[in-house]
Structure formats: C-alpha cells, structure tokens
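Residue-level listing of the chains:
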Amino acid sequence: MSATTGATQPAHPERPGRSDGVCSEFTVFTEIKPGHADALRKDLAALADAADDEQVHAAVRQIGTLHDARHVIFDNDTRFMFASVFDGSWDTYIDDFAQTVVGARFDKVFSHSEGFPGVTDPGVKDWFVAHQEPAGVFVSAYPDLTVQQIYKDHRVDDAFQEVLDTPQFRAALDNPANAELVATPAFQKLLEEASA
C-alpha cells in the first residue's frame, strides 16, 4: 500500500513559457507545409489588414488578456513563428482565442503549418505545447499591470484629462476654499503627472 499525501495533481500538465509578474510569453515555431509560404504570406497580409478592423479589436478586448502578438515567416519560407504576451493561465488564453473571430483567423494562418489540428480541436493544446519554445529571457516593462488594468488606466486618464480641460476645474484650483487640498503633495503630484 502506498502512502498518500492528500495533494491533488494539477488539472493541466505544466505549460512552457516564462512569466514576469502577471505577464507570460508564448512563442510557437512551426514547419510550413511545402508550397504554402505564399498562401501563408497572403493570409498574414489579410490578418494585418484585419488588425485595423473593429471586429478584431472587439475580439481582442473580449479576450482581454492579450498584450501583443507577432507572426514571422523565416528560414527561406520554411518556418513560421507566432509570439505573444498575455495575462492569466496558458489554458484559458488558448481557450479564449478559439471562442472569437480571432480563432477563425488563427485557424486560417496555422492551417499552413504541418500537423495543425485546428484551434477548436481537443488536441490543439498538445500541438501548441509540442511547438512552443520558452524564451531564454522574458522581461515586461510593466509586470504588475494586466491588460484590464491598462484599459482602466487609459479610461481614467481620458476622463481626468477631460476634467482638467474644463473652466470649472480651473475655478476650483483658484478657489481659496480648496487651497489646502491643492497644496497637498498628493494633489501636486497628480497635477505634475497630468501635465507630463
């Protein structure tokens, strides 16, 4: 009889990739099917054009965890790289893409890679793991900020900038009744950051 420790096994095997704070990197290298490089290049051009499409940006916002992504054809049109930075769990990241318009576009792009089963196929995660190569070094400029926090910071900044541009705000700054608040280091720092 073997002793049990009561510990449970993780639901998913260990996933490759490095993290820095809340940000994780995802880099996949594939072999391009013979004769598919031009078709892949064409699909990537369509994907680049679609990056300006509101539907794609809406899907990226819906996913809500993607910091950035890039696609590269290399080694004389024989290999393909996809690399991205995301928040949260690896499995959720893959699942989320399959549920948006981005998933269909990924299917089209990765269909030019040897053995790609399709983004909704149950084996797609195993395929990605087999083709993923962790970065030797991964550093984020903002390791403690999720995409959602960055979106919020942007919304708050836009709203604050609107307030700063009103005559009412200027009048409040000049009102002697607010002099004590305006003189605090925190308020002065806020004004300095807003004007930077």
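Residues numbered from 1 in each chain as written. Predicted model: local features only at pLDDT ≥ 70, side-chain atom pairs only at ≥ 80, totals over all residues. Heavy atoms only, no water.

J.: Lay out the sheet that holds strand β1 (residues 19-20) with the relevant residues and their values.
T.: Pairing within the open sheet is antiparallel, and its four strands lie in the order β1-β2-β4-β3. Edge positions in the open sheet fall to β1 and β3 (66-74), since each of these has one partner strand only. Looking at chain direction, β3 and strand β4 (residues 79-87) are connected through eight bridges and run antiparallel. Looking across to β4, one finds that A69 is bridged to S84. Of the strands in this sheet, β2 (23-31), β3 and β4 are in contact with helix α3 (residues 90-98), which crosses β4 at around 110°. (Pairing = 2+ DSSP bridges. Helix = DSSP H or I, 4+ residues; strand = E, 2+ residues; numbered from the N terminus. Contact = heavy atoms within 4.5 Å. Axes fitted to C-alpha atoms, helices over the stretch in contact; angles between N-to-C directions.)

J.: Residues and numbers for the packing of aromatic side chains, please.
T.: Evaluation of the coordinates by the stated rule reveals 19 aromatic pairs. Judged by centre distance (6.5 Å) and plane angle (80°), the ring pair of F160 and F169 falls under edge-to-face. Here the guanidinium or amino end of R61 rests over the ring plane of Y151, the centre of that ring lying 4.0 Å away. (Phe/Tyr/Trp six-rings, centres within 6.5 Å; stacked < 30°, edge-to-face > 60°. Lys NZ or Arg CZ within 6 Å of the ring centre and 35° of its normal.)

J.: Any chance you could break down the packing of helix α1 (residues 37-50) against helix α4 (residues 101-110) for me, citing the residues and the numbers?
T.: With their axes 9 Å apart at the nearest point, α1 and α4 run at an angle of 155° to one another. Regarding the angle of α1 to α4, the classification is roughly antiparallel. When the axes of α1 and α4 are compared, the crossing they make is left-handed. Here L40, D43, L44, L47 and A50 of α1 come into contact with α4, specifically with R105, K108 and V109. Taken together, the residues that form the contact of α1 with α4 break down as five nonpolar, no polar and three charged. (Parallel < 35°, antiparallel > 145°, perpendicular 65-115°, else oblique. Left-handed = near helix turned anticlockwise from the far one by under 90°. Nonpolar A, V, L, I, M, F, W, Y, C, P; charged D, E, K, R; others polar.)

J.: Can you explain α1? Please cite residues and give values.
T.: Over its 14 residues, α1 extends 20 Å from the first C-alpha to the last, a length consistent with the 20 Å expected when each residue adds 1.5 Å. The set of residues buried in α1 consists of A37, L40, D43, L44, L47 and A50. Viewed end-on, α1 has its buried residues packed into an arc of 135°, placing them on one side of the element. Among the exposed residues of α1, those oriented more than 90 degrees off its buried face are D38, K42 and D49. (Expected span 1.5 Å × (residues − 1). Buried < 20%, exposed > 50% of the residue type's maximum accessible area, 1.4 Å probe, protein only. Arc of directions from axis to C-beta.)

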